[in-house]
Each structure stands twice: as structure tokens, then as C-alpha cells.
Amino acid sequence: LYTNKTAATLTLTRDSTTTTHLRTRMHNGTNWLAWGAYVLYPSSDTLAVTLPLGNGIRQIEVQYKDAAGIESDLLSPITDDITLDTTAPTGSVTLVEGPLTNTVDLNLTLGATDSGVDASGVSKVLVSTSSLFTVGLLTTEVDYDTNLAYPLPAAATTTDGLKTIYVKFKDLAGNFSPVYSKTIT
């Protein structure tokens, strides 16, 4: 599981129907942080937490306590991992047809990387004839591939002349790259 925000929500599963309280602690990539205080078990079965700063895997451990004060076994911890990735991918775009073409069916060569500690990887590419990336109108979001066929949207083909293709990449954590563009005539 990846996120680009330090605010996260845990979905909890009670270890028994008598569970009344819980507490959490996190591993910041180097050390376990101190246990938080026990809080009432939330009726929504969710708990908001703040992940430690810095990219990388964060392990979250939960301990439950029942009304009699009996705690869940720390030798069999209830844990989950989440990877904090706040680094945007980078990339490039090339038009196979070059800067001059008489076709509305373009072929793009894409290159993207998502680097850094425990980077989530590039997952999507957005291609548009609008620098605003208006989804559904002039923008297509597809799975990332190094070769992409891109038919110009009908709204962009009503006249001849200069056209700009805008591209940005998205990683699994939801970070967007800067915008890259190429112009054709």
C-alpha cells in the first residue's frame, strides 16, 4: 500500500467482541516509536494516524485491550505496512511522427522513472491537448507504457496548424510529475 500523505486511516478488525480500547505505535524506518496512549475503540472501525515524515516503509502495530484490562499478545503483533512516497516521478515524451504530420493518430514514446527511497513506481500517464488536463474532455489517463498510441481528440482536429501534446506521469502513491510537452504541426 502506498500513500503520498502523512495522514492515513487504518481500517481495524477487532480481535474479539470484548475489545474496548486500542493503542498504536509505528516504525519510522529505523526505530520503533513509543506506544501511544490507549484510546476507546472507534465505532467506525477506523482510526486516523499520522505517519512519521520521510519516504519509506512505515510499519504500524496495534495492541487491543478488553474491558477486563487484558491486552492482546505483543509476541503475535497485529501489524501492517504502508509506504510513504512523496517524490514525484520524472519523464519525457517524444513524437514518433516528428514535429510535422498529416495524421491525427499519433504515436508517443514515453520514458518515466520514479526514484527515491522505496519509490512506488510509475503507474499511469495522462495525455492531453489541454495544459489544464481536463479529464474526459481532452485528456486520456491510461496505464503507463513506453509506447502509446494517442488519437487526437475530435475537438483538437477541427483546424490545421500548431497542436501541443501535454503529458504527465503518476506513480502508485498518487504523485504527479511535472508537465512535459511536444508541439506538432
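Residues numbered from 1 in each chain as written. Predicted model: local features only at pLDDT ≥ 70, side-chain atom pairs only at ≥ 80, totals over all residues. Heavy atoms only, no water.

Digging into the sheet that holds strand S3 (residues 19–27)
- Taken together, the 5 strands give an open sheet; going across it, the order is S1-S7-S6-S3-S4, and neighbouring strands pair in mixed fashion. The two strands at the open ends of the sheet, each matched to only one other strand, are strand S1 (2–3) and strand S4 (39–40).
- Sheet analysis places S3 next to S4, joined by 2 bridges and oriented antiparallel. Of the residues in S4, the one forming a bridge with leucine 22 is valine 39. (Pairing = 2+ DSSP bridges. Helix = DSSP H or I, 4+ residues; strand = E, 2+ residues; numbered from the N terminus.)

Comments concerning the nonpolar core
- Formed by 16 residues in total, the largest nonpolar core has its most connected members in Leu108, Leu110, Val127, Ile165 and Val167.
- When residues of this core are traced back to their parent elements, those giving at least two are strand S8 (90–95), strand S9 (105–113), strand S10 (122–128), strand S12 (147–151), strand S13 (163–171) and strand S14 (180–184).
- No other element matches the 4 residues that S9 contributes to this core.
- When near neighbours in sequence (up to four residues on either side) are disregarded, isoleucine 165 contacts Leu95, Leu106, Leu108, Val127, Ser128, Thr129, Tyr150, Leu152, Tyr180, Ser181 and Lys182.
- Counting residues in hydrophobic clusters, the runner-up holds 13 residues, among them Ala8, Met26, Leu47 and Ile82. (Core = buried A, V, L, I, M, F, W, Y, C linked by side-chain atoms within 4.5 Å. Buried < 20%, exposed > 50% of the residue type's maximum accessible area, 1.4 Å probe, protein only. Contact = heavy atoms within 4.5 Å.)

A few points about the packing of aromatic side chains
- All told, the structure shown has 3 aromatic pairs when counted by the stated rule.
- Measuring from ring centre to ring centre gives 6.1 Å for tyrosine 41 and tyrosine 64, while their planes differ by 40°; the resulting arrangement is tilted. Of this pair, tyrosine 41 sits in the loop between S4 and strand S5 (46–50) while tyrosine 64 sits in strand S6 (residues 56–66); the two residues are 23 residues apart in sequence, bridging distant segments of the chain. Both residues of the pair, tyrosine 41 and tyrosine 64, belong to the buried class.
- For the pair phenylalanine 169 and tyrosine 180, a centre-to-centre distance of 6.1 Å together with 55° between the ring planes defines the contact as tilted. Here phenylalanine 169, found in strand S13, pairs with tyrosine 180, found in strand S14; they are 11 residues apart in sequence, far enough to count as distant.
- A relative accessible area of 0% means that phenylalanine 169 is categorised as buried.
- If you follow arginine 23 out to its NZ or CZ, it ends over the ring of tryptophan 35, 4.6 Å from the centre.
- When the ring centre of phenylalanine 176 is taken as origin, the NZ or CZ atom of lysine 168, which lies over that ring, is 4.9 Å away. (Phe/Tyr/Trp six-rings, centres within 6.5 Å; stacked < 30°, edge-to-face > 60°. Lys NZ or Arg CZ within 6 Å of the ring centre and 35° of its normal.)

Any functional reading would require information that these geometric values do not contain.
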